[in-house]
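# Results of the structural survey
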Amino acid sequence: MAEDVVLFSVLKLAGKPLDVTLSSRTISWVASASSTAETREVHHYHFVKMSKVITAVVDSENAGDKNPGSAKPRKLDNHDDLTFTVHCIRRNSQGKWRVRELKFECSDQETCRRWVAHIKERIVKQGNVRPQNLLVFINPYGGKKEAGSIYDTHTAPLFSLAGIKTTVIYTEAKNHARDVMLKRDLTEFDGVVCVGGDGTFAEVVNGLLVRTQQEGGVDYNDPDTTPQCPLMRIGVIPAGSTDVIVCDTTGVTDPVTSTLQIVLGCSLGLDICSVHSGHQLLRYTVSFMGYGFLGDVLKDSESHRWMGPHRYDFSGFKKYFGNKAYAGEVTFLTSGDEDHHPQDKTKCRVGCAVCLRRSDSQTSDVFECLDSSTGGPDLQDDNKSLVKENNGSWKKVTGSFCAVNAALVSGCNRLAPNGIAPSSHLGNGCLDLLLVHKCSRFNFLRHLIRLGNSGNHFNFDFVEVHRVKEFTFKSLTSQDLKSAGNPAGESTSNTSLVKQRQSRYQATGDSNTSTWNLDGEVGDIPDINVHVHCQLIKIFAYGREDVKSLNASCCMSRNRTKNKSAWR
Ligand SMILES: Nc1ncnc2c1ncn2[C@@H]1O[C@H](COP(=O)(O)OP(=O)(O)OP(=O)(O)O)[C@@H](O)[C@H]1O
C-alpha cells in the first residue's frame, strides 16, 4: 500500500513499542522492529482511518476534564506531558458507535505536540466537512421527557471534545423550533441539531425548507414547483417516542451513535414530501403519511400523551375494534423504475446504489464517511446493473380503505421491526404507497400481526402497494363511490377554499372522512396532493449498516508479512 507518510515515530501503546505512521488518510502501527525477535515472520498491522478520528489531545492539556460519556474526571498522570490520546470510533456488535481512546506514549514533549498538531491538521484536510458551530434544539416535552439529560450526558461532552461550538435552545411550545428556523439569523451556524423525536425533526425541516424557499424566491404554495435544497445539514439525537428517522438513517436509536455521526460530519440525502391542498402548502413531511387507521390512532393518542409511547398501543387497540373504512380515490404516478419495487426485498443500506445514482454530490459525502473496515462502499450487487427507468404512468384506485399509508422511509420501530415499507429507500425520489382496502376485523388483525412480526404484510388480496413519485387523495362519500369512475375533481383550491373545507369537515364532524397522520401531526384536510422531492435535505447520518457484517472495531488489524520498508 503506497501511502504518503506525514510522520513516523517509535511510540508506545499499552507499554509496547510500536512503529507508528501518520499518513494523509490513516494512523497505522505495527510492533516495532527494535523490540521484536528477528525470527518473527508476521506482524499485526493496525490502522485507523482519519475519517474516523474525532480528535487527538495532549493528555497534560486535558487532565482534570471529564472523559466523554462518563462522569469520572480524567486521572492526572505523571507522564501526561509525554502522552497523547487519539479519540476515534469503534462499533460494538449491535452496530452502536462508541469512542475508543488510544493513548500513545512519546519519548519527549516535542514529539507528543508534533503528533497532535499533525493529526488535527489531517482531520481538517481529510475532506468530510465537519460541523463547527451548531444550533441545538432540545425538546423537553417529547418521548420520556429525557431530552435534556440525554444531551448533557451523551452529546454535549462529545461536541466539546470535538471543539464544536453550540447554541442551545430548549423548546417552550409546539412550533417553537420551526419559528426559530424561520426567523433567526442562521448565518453563523453550519448545522442544526434536534434532541427529540420525529416531530421535532419535522418542525426543524419545515422551518428550514420554508425559509430556503422564501429566501430563494420560490413559491412553495405551488404544488408543481421544485423546491430549493437548503445548505444547512440537520442532525437528530433520539429522545422521542418512536424515533423512526434516527432508526432508518443510523440503524439504531442511540444518542451516542447519532452524536458521533454529527461530529464526523457524515451526510445523507433524504427525500422529502410536499403536501398541498390545492394551492396551499400544508407541510413538508419527512417519514410517513397515513389516512384511516393510523390517522385515527394519532388523533386519539394525542389526548393520552401522559401515557408516553404506550399511548399508541392504547389508541391502536381502540381503533382496531372500531374497524372503520373510508371512501376515497387515490391517483398516483408510478416510479418508472422497473427494477425496484416495494416488495423486492432489497434494503437501503450504506452505499445503496439506488440512492447514490440519484445524487452525484451525495456520493462523495458517503464515500468520505465510509468505514475503514470495508475500504469503500460496496454497492449492492443488484444495483450495479443498468436500471431500466421510464417516466412512470398515472394510475387511479377508487374504493373504501381501512388505511392509506405512504412511507418515505421504512419506518422501523418497536411495533414494526422491519417497518411499514421495508424496501423503501432514503433517497430514491419515491415513496411506497400502501392501500389497505376495506376488510374484516380479523383480516386487518392478520395484516397488523405480520407487520409486527416482520412477516409479509403486503401479501393479502385486500392490500396493494405501489412505488410512486406523486399521489393525490380525494375523499368520497358513499354516493360518490357508487358513481365511481367519474374523473377526479380539479384540485384548484386557494387558501380560503382550504379554510372552507377544513371548517366543513370540522363543523359536520363528518364521520365519512378520517384525518391524515402527517409525520405524527394531525392533518384535518383529507384531500391532499403529495410530491416527493429527491434528497431535498441533507442530514448528519451515516446510513444503516448490516449488523451481521459489522466488524466490532474500527481499528483494523491485519496479519502482514514483515516488511518495514513499505512503511518508512
Ligand atoms: N415545551 C414544549 N411543550 C409542548 N410541546 C412541545 C414543546 N416543545 C416541543 N413540543 C412539541 O412536542 C411535539 C412532540 O415532540 P417529539 O416528536 O419530539 O416527541 P414524540 O412525539 O414523543 O416522539 P416521536 O415523534 O418520535 O414519536 C412536537 O410536535 C413539538 O412541536
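Residues numbered from 1 in each chain as written. Predicted model: local features only at pLDDT ≥ 70, side-chain atom pairs only at ≥ 80, totals over all residues. Heavy atoms only, no water.

### A word on the overall build of the protein
On a plain count of helices and strands, the protein comes out with 15 helices and 22 strands. Buried positions account for 55% of the 568 residues belonging to the protein. Across the protein, the fraction of contacts at a sequence separation of at least 24, relative to all contacts at a separation of at least 6, is 76%. Just so you have it, the protein exposes about 24,600 Å², and 50% of that area is on carbon and sulfur atoms. (Helix = DSSP H or I, 4+ residues; strand = E, 2+ residues; numbered from the N terminus. Buried < 20%, exposed > 50% of the residue type's maximum accessible area, 1.4 Å probe, protein only. Contact = heavy atoms within 4.5 Å. Areas by Shrake-Rupley, 256 points an atom, 1.4 Å probe, with all protein chains shown as cover.)

### Looking at the side chain of Thr285
Along the chain, the position of Thr285 falls in strand S13 (residues 281-285). If we ignore the near neighbours within four places in the chain, the residues touching Thr285 are Ile272, Cys273, Val275, Leu408, Leu518 and Asp519.

### Things to note about the pattern of salt bridges
Applying the stated criterion across every chain yields a total of 13 salt bridges. The salt bridge involving Lys318 is made with Asp300; its shortest N-O contact spans 2.9 Å. Within this pair, whereas Lys318 is found in helix H9 (residues 311-322), its partner Asp300 is found in helix H8 (residues 293-301), the two being separated by 18 residues in sequence. The shortest N-O distance in the salt bridge between Lys396 and Glu329 comes to 3.9 Å. Taken as a pair, Lys396 in strand S16 (residues 394-407) and Glu329 in strand S15 (residues 326-334) lie far apart in primary sequence, 67 residues in all. Owing to a relative accessible area of 39%, Lys396 belongs among the partly exposed residues under this scheme. By relative accessible area, which is 4% here, Glu329 ends up buried. (Salt bridge = Lys/Arg side-chain N within 4 Å of Asp/Glu carboxyl O.)

### Section: the state of the cysteines
A complete count under the given rule lists zero disulfides for this structure. The thiol of Cys402 is not disulfide-bonded; the next cysteine sulfur, from Cys439, is found 4.0 Å away. For Cys402, a relative accessible area of 2% corresponds to the buried category. (Disulfide = S-S within 2.5 Å.)

### Structural notes on the nonpolar core
With 38 residues, the main nonpolar core has Leu135, Phe137, Met181, Phe201, Ile234 and Ile537 as its most contacted residues. For this core, the leading source of residues is helix H5 (residues 198-216), giving seven residues. A domain split of this core shows at least three residues from each of domain 2 (129-265) and domain 3 (272-349 + 392-492 + 504-532). In this structure, Leu135 is in contact with Thr167, Ile169, Val180, Met181, Leu186, Phe189, Gly191, Val192 and Val193, ignoring residues within four places of it in sequence. One finds Ile54, Ile150, Leu158 and Val350 within the second-largest nonpolar core, a separate group that totals 26 residues. (Core = buried A, V, L, I, M, F, W, Y, C linked by side-chain atoms within 4.5 Å. Domains from an automatic or database assignment.)

### As for the packing of aromatic side chains
Under the criterion given, the structure shown has 13 aromatic pairs. Summarising the aromatic geometry, the rings of Trp29 and Phe104 are spaced 5.8 Å apart at their centres and angled 75° between planes, so their arrangement reads as edge-to-face. With a gap of 75 residues between them, Trp29 in strand S3 (residues 26-31) and Phe104 in strand S7 (residues 97-105) connect regions that are remote in the sequence. With centroids separated by 5.4 Å and ring planes inclined at 25°, the aromatic side chains of Phe84 and Phe104 adopt a geometry described as stacked. Of this pair, Phe84 sits in strand S6 (residues 83-91) while Phe104 sits in strand S7, placing them 20 residues apart in sequence. In this pair, the class of Phe84 matches that of Phe104, namely buried. Geometry around Tyr141 places Lys145 over its ring, the cationic atom sitting 5.0 Å from the centre. (Phe/Tyr/Trp six-rings, centres within 6.5 Å; stacked < 30°, edge-to-face > 60°. Lys NZ or Arg CZ within 6 Å of the ring centre and 35° of its normal.)

### Focus: unusual backbone geometry
Even without being glycine, Ala14 reaches a positive phi, approximately 50°. When you line up the elements, Ala14 lands in the loop between strand S1 (5-13) and strand S2 (16-23).

### Things to note about the site of the ligand
Taken together, 23 residues are adjacent to the ligand, and Gly143, Gly197, Thr200, Glu203 and Ser241 come closest. A distance of 2.9 Å separates an oxygen atom of the ligand from a polar side-chain atom of Asn139. Residue Gly143 places a main-chain N or O atom 2.6 Å away from an oxygen atom belonging to the ligand. When isolated, the ligand has an accessible area of 640 Å², and the protein chains bury 88% of it. Where the shell around the ligand is concerned, the elements lending two or more residues are H5 and H9. In terms of residue count, the dominant contributor to the shell around the ligand is H5 (four residues). Split into classes, the residues belonging to the shell around the ligand amount to three nonpolar, 12 polar and eight charged. Looking at which domains feed residues into the shell around the ligand, each of domain 2 (129-265) and domain 3 (272-349 + 392-492 + 504-532) gives three or more. (Near = heavy atom within 4 Å. Polar contact = N/O pair within 3.5 Å; in protein donor to acceptor, adjacent residues only side chain to side chain. Nonpolar A, V, L, I, M, F, W, Y, C, P; charged D, E, K, R; others polar.)

### Brief notes about the confidence of the model for the protein
Taken as a whole, the protein shows an average pLDDT of 83; of its residues, 79% reach a score of 70 or greater. In this model residues 361-387 is a low-confidence stretch, pLDDT under 50, and it forms 65 contacts with partners more than four residues away in sequence or in other chains. Taken together, the stretch residues 551-568 has pLDDT below 50 and engages in 60 contacts with residues farther than four places along the chain or on a different chain. (pLDDT = per-residue confidence, 0-100.)

### Focus on the packing of H8 against H9
Contact geometry of H8 with H9 gives a least axis separation of 8 Å together with a crossing angle of 125°. Classified by the interaxial angle, the pair formed by H8 and H9 is oblique. As for the relative orientation of H8 and H9, their crossing is right-handed in sense. Listed contacts from H9 to Phe293, Asp296, Val297, Leu298, Asp300 and Ser301 of H8 are Arg311, Tyr312, Ser315, Gly316, Lys318, Lys319 and Tyr320. In terms of residue class, the contact of H8 with H9 is built from five nonpolar, three polar and five charged. (Axes fitted to C-alpha atoms, helices over the stretch in contact; angles between N-to-C directions. Parallel < 35°, antiparallel > 145°, perpendicular 65-115°, else oblique. Left-handed = near helix turned anticlockwise from the far one by under 90°.)

### A word on the side chain of His466
The topology assignment puts His466 in strand S18 (residues 463-475). Using a relative accessible area of 17% as the deciding quantity, one classes His466 as buried. In this structure the side chain of His466 is engaged in a polar contact, spanning 2.7 Å, whose partner is the side chain of Glu464. With residues up to four places along the chain from it excluded, the contact list for His466 reads Phe332, Pro342, Leu431, Asp432, Leu433 and Leu435.

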